[in-house]
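Descriptive analysis of the structure
One-letter residues, chain by chain:
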Amino acid sequence: EAEVAQSPRYKITEKSQAVAFWCDPISGHATLYWYRQILGQGPELLVQFQDESVVDDSQLPKDRFSAERLKGVDSTLKIQPAELGDSAMYLCASSSWTSGEGSYEQYFGPGTRLTVT
Amino acid sequence: AQSVTQLDSQVPVFEEAPVELRCNYSSSVSVYLFWYVQYPNQGLQLLLKYLSGSTLVKGINGFEAEFNKSQTSFHLRKPSVHISDTAEYFCAVSVNNFNKFYFGSGTKLNVKP
């Protein structure tokens, strides 16, 4: 069964350092999402791509976060510089249109647990 | 704007007892509804979804949920829980099929022996 891949699974970094996360969506999925999940909360959308274009980055702290999906396949999320408050789980998801059901369905990767010290 | 409220942050229950996890949503338009489960340090896995048709939806692991339009609710139920059901559960909505999803804050289900 196809899965969303993410790496690394865990990352510990010091504040003010740069950190990057990678996501490879399920093959053929045009939509890719990056979510941030703070402990005890639900996922919060950071950025949504349709192919290589950003369709929603309204909640992305653009002074320190950046995201790209250059060829419309895999994606990288970067934080520079990292702050203590960035400690969270970063989830990647992709979605496809299910014609039989007439809806989108999201599939999540295992996430990257970031700890900023 | 759309919002999802999960009324209970934690639900303790004994093994083999029934459980209900509550979810209410706010939307002025048609919604699609989802329940996800998340085990520690893992991503979210889809349990079930409501798109249309029958308001009682069955999912994996013996879970089911009922869509109630008048009460704008989508509560998750299981008649007999197992220790392995201990996890966090998230309710989510997708509005007008816009390929955008809104999540609740989650309910931690703790199944005790």
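The text that follows walks through the structure, step by step, so that each part is easy to find. (Residues numbered from 1 in each chain as written. Chains lettered and ligands numbered in written order. Predicted model: local features only at pLDDT ≥ 70, side-chain atom pairs only at ≥ 80, totals over all residues. Heavy atoms only, no water.)

The next thing to look at is the overall build of chain B. A tally of helices and strands in chain B yields zero helices and 12 strands. Listed by position from the N terminus, the elements making up chain B come as β-β-β-β-β-β-β-β-β-β-β-β. In terms of overall dimensions, chain B is globule-like: its C-alpha atoms have a radius of gyration of 13 Å, near the 13 Å expected for 113 residues. In terms of overall dimensions, chain B has a C-alpha envelope of 40 × 30 × 20 Å along the principal axes. Within chain B, buried positions represent 49% of all 113 residues. (Helix = DSSP H or I, 4+ residues; strand = E, 2+ residues; numbered from the N terminus. Rg over C-alpha atoms; globule rule 2.2 N^0.38 Å. Buried < 20%, exposed > 50% of the residue type's maximum accessible area, 1.4 Å probe, protein only.)

Below, the discussion takes up the packing of aromatic side chains. Within the structure shown, the criterion is met by 14 aromatic pairs over all chains. Between A:Phe65 and A:Tyr90 the ring centres are 6.5 Å apart and the planes differ by 35 degrees, which places this aromatic pair in the tilted class. Linking A:Phe65 in strand 7 (residues 65-68) with A:Tyr90 in strand 9 (residues 88-98), this pair joins segments that are 25 residues apart in sequence. Since its relative accessible area comes to 3%, A:Phe65 is described here as buried. By relative accessible area, which is 0% here, A:Tyr90 ends up buried. Judged by centre distance (4.4 Å) and plane angle (25 degrees), the ring pair of B:Tyr50 and B:Phe67 falls under stacked. Here the residue B:Tyr50 occupies a position in strand 6 (residues 44-50), and B:Phe67 occupies one in strand 8 (residues 64-68), the gap between them amounting to 17 residues. Clustering of aromatic rings is evident, with ring pairs tying together A:Tyr33, A:Tyr35, A:Phe108, B:Phe34, B:Tyr36, B:Phe101 and B:Phe103. Across the ring face of B:Phe14, the terminal group of B:Lys112 is positioned such that the distance to the ring centre comes to 5.9 Å. (Phe/Tyr/Trp six-rings, centres within 6.5 Å; stacked < 30°, edge-to-face > 60°. Lys NZ or Arg CZ within 6 Å of the ring centre and 35° of its normal.)

All names here are of chain B. Using the criterion set out here, one finds two disulfides over all chains in the structure. Each sulfur in the disulfide pair cysteine 23 and cysteine 91 lies 2.0 Å from the other. One disulfide, between cysteine 23 and cysteine 91, carries an S-S torsion of -65 degrees and so falls in the left-handed class. Taken together, the residues cysteine 23 in the loop between strand 3 (19-21) and strand 4 (24-26) and cysteine 91 in strand 10 (residues 87-95) connect sequence positions 68 residues apart. An identical accessibility class is assigned to cysteine 23 and cysteine 91; each is buried. (Disulfide = S-S within 2.5 Å.)

On the side of chain A, 28 residues touch chain B, which itself brings 19 residues to the contact. Roughly 1,900 Å² is buried in total at the junction of chain B and chain A, and carbon and sulfur atoms are behind 48% of that figure. Inspection of the region where chain B meets chain A yields two salt bridges. For A:Glu105, the salt bridge is made with B:Lys49, and the minimal N-O distance between the two is 2.2 Å. Taken together, chain B and chain A are joined by seven residue pairs in polar contact (both at pLDDT 80 or more). The set of elements that each furnish at least two residues to the side of chain B that touches chain A consists of strand 5 (31-38), strand 6 and strand 11 (101-103) of chain B. (Contact = heavy atoms within 4.5 Å. Buried area = accessible area lost by both parts, 1.4 Å probe. Salt bridge = Lys/Arg side-chain N within 4 Å of Asp/Glu carboxyl O. Polar contact = N/O pair within 3.5 Å; in protein donor to acceptor, adjacent residues only side chain to side chain.)

Bringing the pairing of strand 6 (residues 53-56) of chain A into the picture now. Residue and element names in this part refer to chain A. Across three bridges, the pairing between strand 5 (residues 44-50) and strand 6 is antiparallel. Within strand 6, the position partnered with phenylalanine 49 by the bridge is valine 54. In textbook terms, the turn of a hairpin is the stretch between consecutive antiparallel strands, and for strand 5 and strand 6 this stretch comprises two residues, one of which, aspartate 51, has a positive phi near 55 degrees. (Pairing = 2+ DSSP bridges.)

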